[in-house]
Protein chains: 2
Amino acid sequence: MLPVEDRAHPGRPNSTCCMVSNNHLRSADLHQLFGNFHDTTSLSSVGKAVEMRNNALERKLGAFVALSETELSVLDELNKRRRTFVAGRDIVEQGQTEQSAYVLASGWACSYKLLQDGQRQIVDFQIPGDFLGLRSLLMHVSDHSVEPITDVEVTEVLRDDLLGAFTQTPRLATAVLLAASRDEAMVVEHLVGIGRRNAAERLANFLLELGARLTLVGLGSKAGFECPLTQYLMADAVGLSAVHVNRVLRQLREDGLVTVHEGFVSFDDYDRLAKFAEFDLTYMDQIGPLLK
Amino acid sequence: MLPVEDRAHPGRPNSTCCMVSNNHLRSADLHQLFGNFHDTTSLSSVGKAVEMRNNALERKLGAFVALSETELSVLDELNKRRRTFVAGRDIVEQGQTEQSAYVLASGWACSYKLLQDGQRQIVDFQIPGDFLGLRSLLMHVSDHSVEPITDVEVTEVLRDDLLGAFTQTPRLATAVLLAASRDEAMVVEHLVGIGRRNAAERLANFLLELGARLTLVGLGSKAGFECPLTQYLMADAVGLSAVHVNRVLRQLREDGLVTVHEGFVSFDDYDRLAKFAEFDLTYMDQIGPLLK
DNA sequence: CGCAATTTTGAGAACCGTCAAAGACCGTGG
DNA sequence: CCACGGTCTTTGACGGTTCTCAAAATTGCG
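Everything quoted here is computed from the prediction, not taken from an experiment. (Residues numbered from 1 in each chain as written. Chains lettered and ligands numbered in written order. Predicted model: local features only at pLDDT ≥ 70, side-chain atom pairs only at ≥ 80, totals over all residues.)

1. Let's talk about the overall build of chain A
The criterion, for reference: Think of it this way: any DSSP run of H or I at least four residues long counts as a helix, any run of E at least two long counts as a strand, and we number them from the N terminus. Residues are called buried when their C-beta atom has 20 or more other C-beta atoms within 10 Å, exposed when it has 12 or fewer, and partly exposed otherwise; all C-beta atoms are positioned from the backbone. In this description, any two residues whose backbone-derived C-beta atoms lie within 7 Å of each other are considered to be in contact.
Secondary structure assignment for chain A yields nine helices and 11 strands. Taking all 292 residues of chain A together, 52% fall into the buried category. The long-range share in chain A, meaning contacts at least 24 apart out of those at least 6 apart in sequence, stands at 78%.

This is the structure we're talking about:
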């Protein structure tokens, strides 16, 4: 007989979280590719967190479609509502019918699915500029949950508003489609990582991807980034046990590749790490608006 | 040191494929849920493959958005071009800039990514009615490849035509967005399976999902379905070795749950299998057009 | 200062991969 | 008709990666 296992979930002790990230933005160009850094200095960047808060959506969508004035004003109407959520309490819940999605202005969140035996798989982490629960909004019921890892600030996007905006300004719909496609590409990349890479490669890839994404919004560099994730969270994301994550991180550290310590990820030897992980970010490449 | 392994890929012996599926369609309602079957009879269904060929796109999108006459006629213009591909030769190639996507009219295909060491991860299989390479079309470069598993018939959708249609008829853009979202939901479900389920649960889930999807387009039932997949292909999809797939399939068969034999998947005890796999298809639910 | 969450380490076992080889099936060509 | 090669399936033996259980060390916080 095939045993129906009774595994205790490895990743449950639910992070009330250790540190609240400070999401100060440098004026880094969102379109900037990860290749051309000034690979440099300020990890704990100073600056104002204002810009991202007001037009995270503009930025995100503008990366895919060159938006006209009217389209921008429609967008402005779309995500006026600002809200705050505290770490640990779900924003979106699996099985619920959602009326709104959000755009993350500051803080970290994660989207995950729970299995019946209590295990969970984190599908992705969301960082400033990312959608929260977009798919839940589009589909009838949410197939996943979203939990803030730190306290987060978001702007709310109502279902009817969004669908209405699509009818008014078709290019907006296209923009959202493109943004969603890139998100899907990222999920696909995670799938490959979990399906075909060993623990060390997986974790290396995971950290490199996070770094690249954070760099795009000015919250990281080739040197490293601030990271509020516990090893339990990482484990749930890469499909390993927390214990094994710990062991592998030690290995990577001892090999001089990357150090995860005190809420910081430091790339000790970025190039060697990228090579080791076979890190390939073409799936994130976004040189400019696809739609002029 | 962390060893950089030199694994030979488990799934390469490239299937020139054993059997060409006959994609005869029953007049099953595409919106029909998997719950209410006449759980029945004709696995090797007879009938004409005509309907799906002509308006696979209409059907697919119509499931999400109630389309008007003009929108339907725009769609008609969109995928006039019919093409055929032989099994085994890639339709879309990773890294290429694609100008067209396709809608599968008959046959099976798979989308996959190759790692540098030659391993591959199959992201999903496509069955009649599914998009091929939609994401490749939307993004600048394709992040994956698409290979026909059997000989396939497709209708072609040109990039510019599609984007043009979006501008003309915004609801079409919304429809494609919704369709793409459901595809993403499916990838997410695969991710969970690979990340958090053991080999037997994974395979069971995999077969059940295929069955549900095929049933929606009239190519399967609760009793089973015709299936051109080799164990190598299944292995590459669920992130296992082909050898282990074989062992687990034997186990499932001996437990009286499901039998995979001679191009056929037979659900010997559907309910027990679904229970064993914790199969949950809310992520596929689609009761009717979301947009009236 | 003490509790809770997180990180770290060890030991043993389970799951799954690798290697190897034999058997089954199918089409081809002699 | 049979031999042959190719692909796919099946099985066994062995080893490694990763999981589980358990407990200690560390950190954060009230």
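2. Digging into the UniProt feature "domain: HTH crp-type" (unreviewed entry) in chain A
What counts is decided by this rule: UniProt positions are given in the numbering used here, feature names are shortened, and annotations may be inferred rather than shown by experiment.
Sites flagged by UniProt as "domain: HTH crp-type" (unreviewed entry) map to residues 197-271 of chain A. The straight-line gap between the two end C-alpha atoms of residues 197-271 of chain A is 19 Å; of that span, 55% is helix and 17% is strand.

3. Quick look at the relation of the copies chain A and chain B
Short version of the rule: To line up the copies, we fit them by least squares on C-alpha atoms, keeping just the residues with pLDDT of at least 70 in both.
Superposing chain A onto chain B requires a rotation of 180 degrees together with a translation of 0.0 Å along the rotation axis, leaving an RMSD of 0.0 Å. The two molecules are tied by a two-fold rotation axis, judged by turn and shift. The share of interface residues of chain A whose copies in chain B are also at the interface is 98%, consistent with both copies meeting through the same surface.

4. Quick word on the UniProt feature "domain: Cyclic nucleotide-binding" (unreviewed entry) in chain A
Per the UniProt annotation, the sites labelled "domain: Cyclic nucleotide-binding" (unreviewed entry) are residues 63-138 of chain A. Here residues 63-138 of chain A is 20% helix and 34% strand, with 21 Å between the C-alpha atoms at its ends.

5. So, the sheet that holds strand β5 (residues 131-132) of chain B
Residue and element names in this part refer to chain B. Just so we agree on the cut-off: One bridge is not enough; two strands pair if DSSP finds at least two bridges between them. The axes are straight lines fitted to the C-alpha atoms, using for helices just the contacting stretch, and the angles between their N-to-C directions are given from 0 to 180°.
Ordered in space as β1-β7-β2-β5, the four strands form an open sheet in which the pairing is antiparallel. The open sheet has two edge strands, β1 (82-85) and β5, and neither has a second partner. Across four bridges, the pairing between β1 and strand β7 (residues 152-158) is antiparallel. If you follow Arg82 over to β7, its bridge partner there is Thr155. Of the strands in this sheet, β2 (100-106) and β7 touch helix α4 (residues 159-168), which is tilted by about 60 degrees from β7.

6. Quick notes on the interface of chain A and chain B
Between chain A and chain B, the residue contacts involve 52 residues of the former and 52 residues of the latter. Mapped onto the side of chain A that touches chain B, the elements with two or more residues apiece are β4 (120-126), α3 (134-138), α4 (159-168) and α5 (170-196) of chain A. Ranked by residue count, the leading element in the side of chain A that touches chain B is α5 of chain A, at 20 residues.

7. Looking at the sheet that holds strand β9 (residues 224-226) of chain B
Residue and element names in this part refer to chain B. With respect to topology, four strands assemble into an open sheet ordered β8-β9-β11-β10, the strand pairing being antiparallel. On the outer flanks of this sheet lie β8 (220-221) and β10 (258-261), each paired with one strand and no other. Of the pairings in the sheet, the one linking β10 to strand β11 (residues 264-267) comprises four bridges and is antiparallel in character. When the sheet's bridge partners are listed, Val260 is paired in β11 with Val265.

8. Concerning the environment of Arg253 of chain B
All names here are of chain B. Note on placement: Arg253 falls in helix α8 (residues 242-254). We classify Arg253 as partly exposed; it has 15 C-beta atoms within 10 Å. With sequence-adjacent residues up to four places away left out, Arg253 is seen in contact with Val258 and Thr259.

9. Let's talk about helix α9 (residues 270-277) of chain B
Every α-helix winds through 3.6 residues per turn, so residues three or four apart in the chain are directed the same way. Residues and elements named next belong to chain B. Inclusion rule: What the arc describes is the spread of directions from the helix axis to the C-beta atoms.
Within the span of α9, buried status applies to Tyr270, Leu273, Ala274, Phe276 and Ala277. Buried residues along α9 cover an arc of 160 degrees about the axis, so they all sit on one side. In this structure, the buried side of α9 is in contact with α6 (199-216), β10 and β11. Immediately downstream of α9, the backbone of Glu278 shows phi near 55 degrees, a positive value.

10. Things to note about the pairing of strand β7 (residues 152-158) of chain A
Residues and elements named next belong to chain A. Within β7, five of the seven residues are buried, leaving the element largely enclosed by the surrounding structure. Note that strand β2 (residues 100-106) and β7 share six bridges and pair antiparallel. Bridging across to β7, Ser100 finds its partner in Leu158.

11. Comments concerning helix α2 (residues 69-78) of chain B
Residues and elements named next belong to chain B. Those residues of α2 not exposed but buried are Glu71, Leu75 and Leu78. For α2, the arc enclosing every buried residue in end-on projection is 50 degrees, short of the 170-degree limit, so these residues lie on one face. In α2, the exposed positions angled more than 90 degrees off the buried face are occupied by Glu69, Thr70, Ser73 and Glu77.

12. Re the packing of helix α6 (residues 199-216) of chain A against helix α7 (residues 231-238) of chain A
All names here are of chain A. Convention followed: Every angle not falling under 35 degrees, over 145, or within 65 to 115 is termed oblique; those three ranges are roughly parallel, roughly antiparallel and roughly perpendicular.
α7 packs onto α6 with a crossing angle of 110 degrees between their chain directions and a minimal axis gap of 11 Å. Judged on the interaxial angle alone, α7 and α6 are roughly perpendicular. Of α7, the residues touching α6 (which contributes Arg202, Leu203 and Phe206) are Met234, Ala237 and Val238.

13. Here's the deal with the confidence of the model for chain A
Residues and elements named next belong to chain A. Filter applied, for reference: Note on scores: pLDDT gives the predictor's confidence for each residue, bounded by 0 and 100.
With 78% of its residues at a pLDDT of 70 or more, chain A shows a mean pLDDT of 80. Confidence scores differ between elements of chain A, with helix α1 (residues 50-62) showing the lowest mean pLDDT of 66 and α7 the highest of 97. Ignoring residues within four places in sequence, the model shows residues 1-53, a span with pLDDT below 50, making 100 contacts including any to other chains.

14. A short note on the nonpolar core
What tends to happen in soluble globular proteins is that the nonpolar side chains get buried as a cluster. We count it as follows: A set of buried Ala, Val, Leu, Ile, Met, Phe, Trp, Tyr and Cys residues, joined through C-beta atoms within 7 Å, is what we mean by a nonpolar core. Reported domain spans reflect what an automatic or database domain assignment gives.
The biggest cluster of nonpolar side chains holds 180 residues, and the ones touching the most others in it are Ala204 of chain A together with Ala204 of chain B. Three or more residues apiece are contributed to this core by two domains, here domain 1 (48-196) and domain 2 (198-292) of chain B. With residues up to four places along the chain from it excluded, the contact list for Ala204 of chain A reads Leu252, Leu257, Val258, Leu273, Phe276 and Ala277 of chain A.

15. Remarks on the packing of helix α7 (residues 231-238) of chain B against α8 of chain B
Residue and element names in this part refer to chain B. As a reminder of what qualifies: The classification used treats Ala, Val, Leu, Ile, Met, Phe, Trp, Tyr, Cys and Pro as nonpolar, Asp, Glu, Lys and Arg as charged, and all other residues, Gly among them, as polar.
Remark: α7 packs on α8, axes separated minimally by 8 Å, with the N-to-C direction vectors making an angle of 100 degrees. Comparing the axis directions of α7 and α8 gives the class roughly perpendicular. Between α7 and α8, the residues in contact are Gln231, Tyr232, Met234 and Ala235 and Ala242, Val245 and Asn246, respectively. When grouped by side-chain class, the residues that make up the contact of α7 with α8 number five nonpolar, two polar and no charged.

16. Focus on the environment of Val260 of chain B
Residue and element names in this part refer to chain B. Note that Val260 resides in strand β10. Residue Val260 is classed as buried on the basis of its 21 C-beta neighbours within 10 Å. Here the alpha-carbon distance between Val260 and Leu207, two residues 53 residues apart in the chain, equals 9.5 Å.

17. Description of unusual backbone geometry
Backbone geometry at Glu262 of chain A places phi at a positive 50 degrees, although glycine is not the residue there. Relative to the helices and strands, Glu262 of chain A is located in the loop between β10 (258-261) and β11 (264-267). You will see that Glu278 of chain B, though not glycine, has its phi angle at about 55 degrees, which is positive. As for its position among the elements, Glu278 of chain B is in the segment after α9.

18. Some points on the pairing of strand β3 (residues 109-114) of chain B
All names here are of chain B. A large share of β3 lies buried, amounting to five of its six residues. In the sheet, β3 pairs with strand β4 (residues 120-126) via six bridges, with the strands oriented antiparallel. Directly across from Ala109, in β4, lies its bridge partner Gln126. Looking at chain direction, β3 and strand β6 (residues 145-148) are connected through four bridges and run antiparallel. Bridge assignment links Cys110 to a residue of β6, and that residue is Glu147.

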